[in-house]
Amino acid sequence: MNWKHKDLLDLDILTAEEIKHILKTAAPMKEILARPNKKLPTLRGKSVVMLFYENSTRTRTSFETAAKILGADTSNIAVAQSSVSKGETLLDTAKTLQAMKVDLVVIRHGSSGVAGFLADELSAGVINGGDGQHAHPTQALLDFFTMQERLGELQGKKIVIVGDVLHSRVVRSNVLGLKKLGAEVVLVGPPTLLPSEMNYLGVKTSYDLDKELPGADAVMALRLQLERQQSGLFPSIREYSRLYGLSLERLKQTGKDTIIMHPGPMNRGVEITSDLADSVQSVIEEQVTNGVAVRMALIYLLIGGTGSVVD
Amino acid sequence: MEGTPKNRIMDADGIRRAISRISHEILEKNQGTKDLVLIGIRTRGVPLAERIKERIAEFEGVSIPLGLLDITLYRDDLSTIDIQPVLHETKVPFSLDGKIVILVDDVLFTGRTVRAALDALLDLGRPSKIQLAVLVDRGHRELPIRADYVGKNVPTSSREIVSVCLEETDGSEEVFLQEKK
């Protein structure tokens, strides 16, 4: 398969075949991660810039590690210390990056659509490292890779995603991709965090976790953004934990060797109990490792050739 | 097929005999199987390495370790090509330190694949020796690399293509010389 995209903004524009191609490319990348010597000459001379307007040590380090293993040069723009804090617009930042002839930009931003804006302005590739409540495609891809490793083909598999669906960009990208791969997806959460409009994604929604667990092949807990607790979207953390928190005991209802996932960072004792997070069913650490492999695959696919691709 | 079939330079029997001879030569040169490991370069180097492993097991009663090497990430032309090659897994589930590595490929041409394979191997460990076995040496080297074991030397013009077909990858057993289109 020939890769024809300049950017990765979300999973909606990718075909099932393209998603599978990324996952297939990530498999040999994971083998490299297990080596004592992890440095490759593949992207020698290429430059990758991390433009993170939101804090995210995990995602940024994952991208940076991936690019460095492939031999690319990486730079970090710490927005707080950059000209952005002096009032530089995103368009000007884009023009500066263009003038520096960078090959790839990874952007994270609090506003939805910023990655798309940057991609339109730059001839370099752009990877969306999370934009507002819109999308987080690389997190979704690493989730698929992890599920596929444990469950095999995702066609027909039941995936339950529980938590703050309303604010989650991870959910949107996951649903878009999982549907393409033929999985059955159920979104679960309290009514205030799972409005009925979420049905637009074309998946089942439910407010009752216990009812949805039987038959689930994977259950993904979303981070409960504790800062939003103050805004009254749910009565108390204790109640949330009782109704939607995952525990070893509750997971028995699936009747299967279900895998447990979490995009991190976890609130232990809130959306997931510690014994479950550290159990053999948990693939949470594996997700982090796979994140580097999947990002290596994407960086390779986006800038591994001459870059004369069309989006 | 990239060109028009021109003439067949090896048939199934010829390939089988070449593999047997190479296997004998490997044993002779290294005085047995001590510290020997085989590494097949994907794609067609892999079935060839498997066959050498089988022959050596028949001759000596010893099963020597076999690894698979994908050299895509070590290519020196990646930044000049439009469409990057598809990656496959490298599987070398044993240590290369102190081993005599027999690198196996189907055709030796410019030497650039072997150069990439040497880089990849040295990232995996520190073998005591690396030797190269190829089914066909067609000349036109661009780097100072030569094979230790050659199934058949085939003088070619640069306008020609050597196509190796193996049962495992192509469903037939033959080596063709073709004219580029």
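Given the structure is predicted, the values throughout are model-derived calculations rather than measurements. (Residues numbered from 1 in each chain as written. Chains lettered and ligands numbered in written order. Predicted model: local features only at pLDDT ≥ 70, side-chain atom pairs only at ≥ 80, totals over all residues. Heavy atoms only, no water.)

Draft legend 1. Representation of the overall build of chain A in the model. Secondary structure assignment for chain A yields 11 helices and 9 strands. Judged by the C-alpha coordinates and their principal axes, chain A covers about 55 × 40 × 35 Å. A total of 311 residues make up chain A; the buried ones form 57% of that total. On chain A, roughly 12,600 Å² of surface is accessible, and the fraction owed to carbon and sulfur atoms is 51%. Within chain A, the 35 negative side-chain charges are centred at a point lying 3 Å from the centre of the 35 positive side-chain charges. (Helix = DSSP H or I, 4+ residues; strand = E, 2+ residues; numbered from the N terminus. Buried < 20%, exposed > 50% of the residue type's maximum accessible area, 1.4 Å probe, protein only. Areas by Shrake-Rupley, 256 points an atom, 1.4 Å probe, with all protein chains shown as cover. Lys, Arg positive; Asp, Glu negative; His and termini not counted. Charge placed at Lys NZ, Arg CZ, Asp CG, Glu CD.)

Draft legend 2. Inspection of the sheet that holds strand 5 (residues 129–137) of chain B at higher detail. Residues and elements named next belong to chain B. Strand order in this open sheet of 5 strands is 3-2-4-5-6, and the pairing throughout is parallel. The sheet terminates laterally at strand 3 (66–69) and strand 6 (149–153), the two strands that pair on one side only. In this sheet, neighbouring strand axes are inclined to one another by 25° on average, regardless of whether the strands run parallel or antiparallel. Both strand 2 (residues 36–41) and strand 3 contribute to a ladder of 4 bridges, which runs parallel. Counterpart to Gly-40 in the pairing with strand 3 is Leu-68. (Pairing = 2+ DSSP bridges. Axes fitted to C-alpha atoms, helices over the stretch in contact; angles between N-to-C directions.)

Draft legend 3. The arrangement of the sheet that holds strand 8 (residues 218–221) of chain A in detail. Residue and element names in this part refer to chain A. Read across the sheet, 5 strands follow the order 7-6-5-8-9 without closing on themselves; strand pairing throughout is parallel. The open sheet has two edge strands, strand 7 (204–206) and strand 9 (259–261), and neither has a second partner. Strand-to-strand twist in this sheet, taken as the mean axis angle between neighbours without regard to direction, amounts to 20°. Summarising the sheet, strand 5 (residues 158–162) and strand 8 pair through 4 bridges and their orientation is parallel. Bridge assignment links Val-162 to a residue of strand 8, and that residue is Ala-221.

Draft legend 4. Up close: the side chain of A:Ser168. Residues and elements named next belong to chain A. Checked against the element boundaries, Ser-168 lands in the loop between strand 5 and helix 6 (169–180). In this structure the side chain of Ser-168 is engaged in a polar contact, spanning 3.3 Å, whose partner is the backbone nitrogen of Val-170. With near-sequence residues (within four places) excluded, Ser-168 lies in contact with Gln-133 and Leu-222. (Polar contact = N/O pair within 3.5 Å; in protein donor to acceptor, adjacent residues only side chain to side chain. Contact = heavy atoms within 4.5 Å.)

Draft legend 5. Just helix 1 (residues 12–30) of chain B, in detail. Along its 19 residues, helix 1 of chain B runs 27 Å from first to last C-alpha, staying within 8% of the 27 Å computed at 1.5 Å per residue. Looking at the residues trailing helix 1 of chain B, positive phi occurs at B:Gln31, about 50°. (Expected span 1.5 Å × (residues − 1).)

Draft legend 6. Spatial organisation of the packing of aromatic side chains. Residues and elements named next belong to chain A. Applying the stated criterion across every chain, the model contains 1 aromatic pair over all chains. On the basis of an interplanar angle of 40° and a centroid distance of 5.6 Å, the ring pair of Tyr-240 and Tyr-244 is categorised as tilted. In this pair, Tyr-240 and Tyr-244 both sit in helix 8 (residues 237–244), 4 residues apart, roughly one turn of the helix. On the basis of relative accessibility, which here comes to 3%, the residue Tyr-240 falls in the buried class. (Phe/Tyr/Trp six-rings, centres within 6.5 Å; stacked < 30°, edge-to-face > 60°.)

Draft legend 7. Region of the structure containing the environment of A:Leu226. Residue and element names in this part refer to chain A. By the element assignment, Leu-226 lies in the loop between strand 8 and helix 8. Classification of Leu-226 as partly exposed rests on a relative accessible area of 32%. With 11 residues separating them along the chain, Leu-226 and Ile-237 place their C-alpha atoms 8.3 Å apart. Ignoring sequence-local partners within four residues, the contact set of Leu-226 consists of Ile-237 and Asn-267.

Draft legend 8. Highlighting the domain arrangement of chain A. Residues and elements named next belong to chain A. Segmenting chain A into domains produces domain 1 (11–135 + 288–303) and domain 2 (137–283). Taking the mean C-alpha position of each, domain 1 and domain 2 sit 26 Å from one another. Contacts between domain 1 and domain 2 engage 30 residues on the former and 25 residues on the latter. The contact between domain 1 and domain 2 buries some 2,300 Å² in all, and 62% of this surface belongs to carbon and sulfur atoms. The three residues of domain 1 that bury the most area against domain 2 are Leu-11, Leu-23 and Gln-133, which together make up 29% of that side's buried surface. Summed over the shared surface of domain 1 and domain 2, the result is 2 salt bridges. We note a salt bridge from Glu-149 to Lys-30, for which the minimum N-O separation is 3.0 Å. Counting across the interface, domain 1 meets domain 2 through 10 residue pairs in polar contact (both at pLDDT 80 or more). (Domains from an automatic or database assignment. Buried area = accessible area lost by both parts, 1.4 Å probe. Salt bridge = Lys/Arg side-chain N within 4 Å of Asp/Glu carboxyl O.)

Draft legend 9. Representation of the nonpolar core in the model. The biggest cluster of nonpolar side chains holds 88 residues, and the ones touching the most others in it are A:Met29, A:Phe144, A:Leu187 and A:Ile299. Take this core: its biggest share by element is 11 residues, from helix 11 (residues 284–303) of chain A. Counting residues domain by domain, this core receives three or more from each of domain 1 (11–135 + 288–303) and domain 2 (137–283) of chain A. Judged by nonpolar contacts, the second largest core, of 29 residues, contains B:Ile22, B:Leu38, B:Ile52 and B:Val104. (Core = buried A, V, L, I, M, F, W, Y, C linked by side-chain atoms within 4.5 Å.)

Draft legend 10. Up close: the side chain of A:Asn128. Residues and elements named next belong to chain A. As for its placement among the helices and strands, Asn-128 is situated in strand 4 (residues 125–131). By relative accessible area, which is 0% here, Asn-128 ends up buried. Looking at Asn-128, its side chain comes within polar contact range of the main-chain nitrogen of Gly-130, at 2.8 Å. Ignoring any residue separated from it by four or fewer positions in sequence, one finds Asn-128 in contact with Leu-8, Leu-9, Ile-107, Ala-115, His-134, Ala-135, Pro-137 and Thr-138.

Draft legend 11. The pairing of strand 5 of chain B, seen in detail. Residues and elements named next belong to chain B. Burial analysis of strand 5 places 7 of its 9 residues in the buried class, which makes it a mostly covered element. As paired strands, strand 4 (residues 100–108) and strand 5 are joined by 8 bridges and run parallel to one another. Looking at the pairing, Ile-100 lines up with Lys-129 of strand 5. Following the chain from strand 4 across helix 3 (residues 112–124) to the adjacent parallel strand 5, one finds a crossover that is right-handed. Note that strand 5 and strand 6 share 4 bridges and pair parallel. By the bridge assignment for strand 6, Val-136 is matched with Lys-152. (Right-handed = clockwise from strand over helix to strand, strands pointing away.)

Draft legend 12. Geometry of the confidence of the model for chain B. In this model, chain B carries an average pLDDT of 93, and 94% of its residues clear a pLDDT of 70 or more. Quick note on the complex model: pTM equals 0.90, ipTM equals 0.82. (pLDDT = per-residue confidence, 0-100.)

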